[in-house]
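A structural walkthrough
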Amino acid sequence: MSGTNIPAFSPADLAAVAGRWGLDPGLVVRLGPAVDRMRDVYRRVRDLATEGQAPEPPPVPVTRIPRGPGNPYGAWLYTVDEPGPPGSGPLAGRTVTVKESIAVRGVPMTLGSRLMAGFVPASDSVVVGRAREAGAVILGTSVCEDLCYSGSSFTSAHGPVGNPWDPRRSAGGSSSGAAVLVATGQADYGIGTDHGGSVRNPAAWSGVFGLKPTYGVIEYDSAMPTERTLDHIGVLTRTAADLIPFLEATATPYPDGDGEPYAGGYAREIAGLRAGLLIEGFGWPGRSDPRLDGLVRESGRALERLGLTVSEVSVPLHRHGRDIHLPISIEGGLTTVFESRLQGNNHDGPYHPNFGEAFGEALVRRPEDIPVGGVLALVGATLLRDATHGKVMAYAQRLRRRLREQIDDALREVDLLVLPSVPMPPHLLPADPRAAVIDTELPFEMHDNNCVFNLTGHPALSVPCGFVDGLPVGMLLVGRPGADARLVRVAAEFEERVFRCPPPPMRHDHHETTGDGLTTARSR
């Protein structure tokens with residue numbers, strides 16, 4: 001609805017709607033005047049909402065960082081030319097990068113996609129605004145996967161993001177650039193989104209800490225949604241202890257908890273806690289690397305050195321978590337991303353009219369720019385929802401409830417679960433990203449364990465725990481809702497007394513451009 005008028009609907013428009021829904025075309029034509037009255041209401045609502053609205057602030061000066069010596073892994077997108085002095089608060093002077101799917105005032109927000117090229121948000125997302133208020137310096141934005149439709153790091157319209165430990169390999173995604181900038185010391189914090197592992201995947205493969213907090217404690221505002229009940233804001237850091245001031249600054253206490261500040265939860269002793277190695281999180285047929293499984297088991301057992309007791313626990317439905325996730329995520333994404341233009345429906349907001357309008361106009365005018373992963377989700381969800389009338393998605397929601405109950409039961413036996421963040425080491429970046437999405441499982445092969453906790457909302461923290469073939473491995477710690485600070489304390493003690501991940505080696509890399517305009521990182 002750009003411009004001043006909502007266009008009148010022609011007889012051809014009415015006939016198209018009748019055909020789409022199998023309706024009597026004569027009836028639909030007769031309803032034309034009633035539709036016009038609805039159009040008048042829409043116009044009044046629009047005018048009421050925009051009356052006296054202040055003009056949007058201009059974009060801030062930013063620099064697009066090209067792939068090259070200053071951006072060897074392709075992780076930066078924009079840097080803010082004048083980020084301003086640090087403020088006071090728990091994040092005073094700490095540097096932050098923000099995934100390009102989260103709004104930063106005045107900085108282009110492209111969602112890793114050609115679809116949103118040129119869109120500039122007029123205000124900060126809630127998480128960015130709170131970080132600023134807490135004294136943080138927002139350095140710029142980091143590259144993410146195209147519309148966040150990948151857990152790897154090769155689908156972005158800006159080119160692939162190389163792993164800081166081996167640039168030929170994936171850094172993990174979809175918060176790929178954020179993880180690399182944190183791992184390489186270019187920022188203290190990387191703010192990302194996590195829909196099925198998109199913070200924890202790159203944390204595990206890049207050798208940093210990645211926290212998906214308890215669902216809802218960080219407000220999901222002005223960030224690209226995929227399915228509102230799965231979407232989380234998360235954060236990446238080099239040290240576990242740095243997670244606490246970030247939570248203090250940006251998160252609210254879990255509403256069903258005791259309201260304890262995150263610093264208070266972190267200060268409580270962990271000796272005597274019970275850790276449970278989640279049996280079903282290991283040994284995924286055809287995907288798990290037994291060396292990685294062995295390292296995570298050994299690391300889990302090492303928690304005994306911190307005063308924890310360690311046993312094994314079982315959550316039978318965990319093995320089916322990825323299956324349960326799919327109908328919910330793709331049918332929810334069909335509604336949220338495509339049909340309601342990134343707005344979603346029937347939630348209590350906030351909503352962002354300009355964001356939705358820009359995306360909607362792009363879908364209409366440039367559908368060829370929808371990434372192949374988005375096309376797969378759009379086509380699959382449309383066909384499967386129509387074929388099943390949403391019944392399988394409803395079954396998945398029932399199973400989701402049972403899965404949450406099983407995890408809650410396990411977390412009554414123990415205080416935290418331990419399992420691999422990702423079942424395998426990072427894969428090589430494909431030479432043909434488009435073909436890899438069409439013909440392989442590379443975009444989502446790593447989601448088996450992580451996506452479960454987007455379904456259930458439990459806090460989940462990926463902790464570096466060692467190396468396989470010189471590549472980082474992440475151990476996932478999962479706690480009860482609201483136990484975020486307790487997980488961080490366990491991770492910090494593990495980092496201090498068991499394993500501290502070193503920084504990645506300094507490399508001198510060059511990058512070759514492939515025929516489709518994307519790039520493949522190669523190590524000299």
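About the criteria used
Residues numbered from 1 in each chain as written. Predicted model: local features only at pLDDT ≥ 70, side-chain atom pairs only at ≥ 80, totals over all residues. Heavy atoms only, no water. Pairing = 2+ DSSP bridges. Helix = DSSP H or I, 4+ residues; strand = E, 2+ residues; numbered from the N terminus. Axes fitted to C-alpha atoms, helices over the stretch in contact; angles between N-to-C directions. Contact = heavy atoms within 4.5 Å. Core = buried A, V, L, I, M, F, W, Y, C linked by side-chain atoms within 4.5 Å. Buried < 20%, exposed > 50% of the residue type's maximum accessible area, 1.4 Å probe, protein only. 1 Å grid on protein atoms, 1.4 Å probe; cavity = no way out; pocket = protein on both sides within 12 Å on 5 of 7 lines; lining within 4 Å. Points joined across faces, edges and corners; volume = space filled by probe spheres on them. Right-handed = clockwise from strand over helix to strand, strands pointing away. Phe/Tyr/Trp six-rings, centres within 6.5 Å; stacked < 30°, edge-to-face > 60°. Salt bridge = Lys/Arg side-chain N within 4 Å of Asp/Glu carboxyl O. pLDDT = per-residue confidence, 0-100. Polar contact = N/O pair within 3.5 Å; in protein donor to acceptor, adjacent residues only side chain to side chain. Left-handed = near helix turned anticlockwise from the far one by under 90°. Nonpolar A, V, L, I, M, F, W, Y, C, P; charged D, E, K, R; others polar. Parallel < 35°, antiparallel > 145°, perpendicular 65-115°, else oblique.

**Structural notes on the sheet that holds strand β3 (residues 95-99)**
Note on sheets: strands pair through backbone hydrogen bonds, and any given pair is parallel or antiparallel. With mixed pairing, 12 strands are arranged side by side in an open sheet as β1-β2-β4-β3-β7-β9-β8-β13-β14-β12-β10-β11. Looking at which strands have only one partner, the edges of the open sheet turn out to be β1 (62-64) and β11 (309-313). With direction set aside, neighbouring strand axes in the sheet form an average angle of 30°. Note that strand β8 (residues 209-212) and strand β13 (residues 460-468) share three bridges and pair antiparallel. For Gly210, the partnering residue across the bridge sits in β13 and is Ser462. Across the sheet, helix α13 (residues 391-413) lies against β10 (274-278), β11, β12 (416-420) and β14 (471-479), angled at about 115° from β12, the strand it touches most.

**Things to note about the nonpolar core**
Counting 95 residues, the largest nonpolar core has Leu303, Leu417, Leu461 and Leu477 as the members making the most contacts within it. When residues in this core are grouped by element, the largest group, seven residues, is from helix α16 (residues 484-497). Once residues within four sequence positions are removed from consideration, Leu461 is found in contact with Phe209, Gly210, Leu211, Leu243, Met475, Leu476, Leu477, Leu487, Val488 and Ala491. The next biggest cluster of nonpolar side chains, apart from the first, holds 20 residues, and it includes Phe119, Tyr149, Met224 and Ile370.

**Some thoughts on the layout of surface pockets**
By rolling a water-sized probe across the atoms, one finds the places where empty space is left. Its volume calculated, the second largest pocket comes out at about 750 Å³. Taken together, 28 residues make up the lining of the second largest pocket; nearest its centre are Leu326, Ser329, Ile330, Phe444 and His447. Only α10 (321-339) and α12 (372-388) provide two or more residues apiece to the lining of the second largest pocket. No other element matches α10, which puts seven residues into the lining of the second largest pocket.

**Overview of the pairing of β11**
Alignment of β10 against β11, held across five bridges, turns out to be parallel. Within β11, the position partnered with Leu278 by the bridge is Val313. Handedness of the crossover joining β10 and β11 through helix α9 (residues 290-301): right-handed.

**Comments concerning the packing of aromatic side chains**
Applying the stated criterion to the full structure yields four aromatic pairs. Ring plane angle 70° and centroid distance 5.9 Å describe the contact between Phe467 and Phe499, whose orientation is recorded as edge-to-face. Pair noted here: Phe467 is in strand β13 and Phe499 is in the loop between α16 and β15 (509-513), with a separation of 32 residues, a long-range link. A relative accessible area of 19% places Phe499 in the buried class.

**Comments concerning the pattern of salt bridges**
All told, the structure shown has 28 salt bridges when counted by the stated rule. Residue Arg43 pairs with Asp40 through a salt bridge whose shortest N-O separation is 2.5 Å. Of the two residues, Arg43 and Asp40 are both situated in helix α3 (residues 32-50); the distance of three residues between them amounts to about one turn of the helix. Given a relative accessible area of 27%, Arg43 falls into the partly exposed group.

**Side note on the confidence of the model for the protein**
Predicted confidence across the protein gives a mean pLDDT of 93, with 95% of residues reaching 70 or more. A low-confidence stretch, residues 508-524 (pLDDT under 50), is modelled with 44 contacts involving residues beyond four sequence positions or located in other chains.

**Quick word on the environment of Glu227**
Summarising the element assignment, Glu227 is placed in the loop between β8 and β9 (232-237). For the pair Glu227 and Pro255, spaced 28 residues apart in sequence, the C-alpha separation works out to 21 Å. Excluding its chain neighbours within four sequence positions, the residues that come into contact with Glu227 are Ile328, Ser329, Gly332, Gly333 and Thr336. Among the polar contacts made by the side chain of Glu227, one reaches the side chain of Thr229 at a distance of 2.5 Å.

**A closer look at the packing of α10 against α12**
Contact geometry for α10 and α12: axes closest at 9 Å, N-to-C directions at 115°. As for the relative orientation of α10 and α12, their crossing is left-handed in sense. Counting all contacts with α10, which are made through Ile330, Glu331, Leu334, Thr335, Phe338 and Glu339, the residues of α12 involved are Gly374, Leu378, Gly380, Ala381, Thr382, Leu384, Arg385 and Thr388. Partitioning the contact of α10 with α12 into residue classes produces six nonpolar, five polar and three charged.

**A few points about unusual backbone geometry**
Put simply, Gly173 and Ser174 share a cis peptide bond, and its omega is 10°. Among the structural elements, Ser174 can be located in the loop between β6 (166-170) and α5 (176-183). Of note in this structure, Ser222 is not a glycine but carries a positive phi near 55°. Summarising the element assignment, Ser222 is placed in the loop between β8 and β9. Of note, Asp469 is a non-glycine position whose phi angle comes to about 55°, a positive value. Its location among the elements puts Asp469 in the loop between β13 and β14.

**Brief notes about the packing of helix α4 (residues 126-133) against helix α7 (residues 243-250)**
In contact at an axis separation of 8 Å, α4 and α7 are set at 110° when each is read in the N-to-C sense. Between α4 and α7, the angle falls in the class roughly perpendicular. Contacts between α4 and α7 involve Val127, Arg130 and Ala131 from the former and Phe246, Ala249 and Thr250 from the latter.

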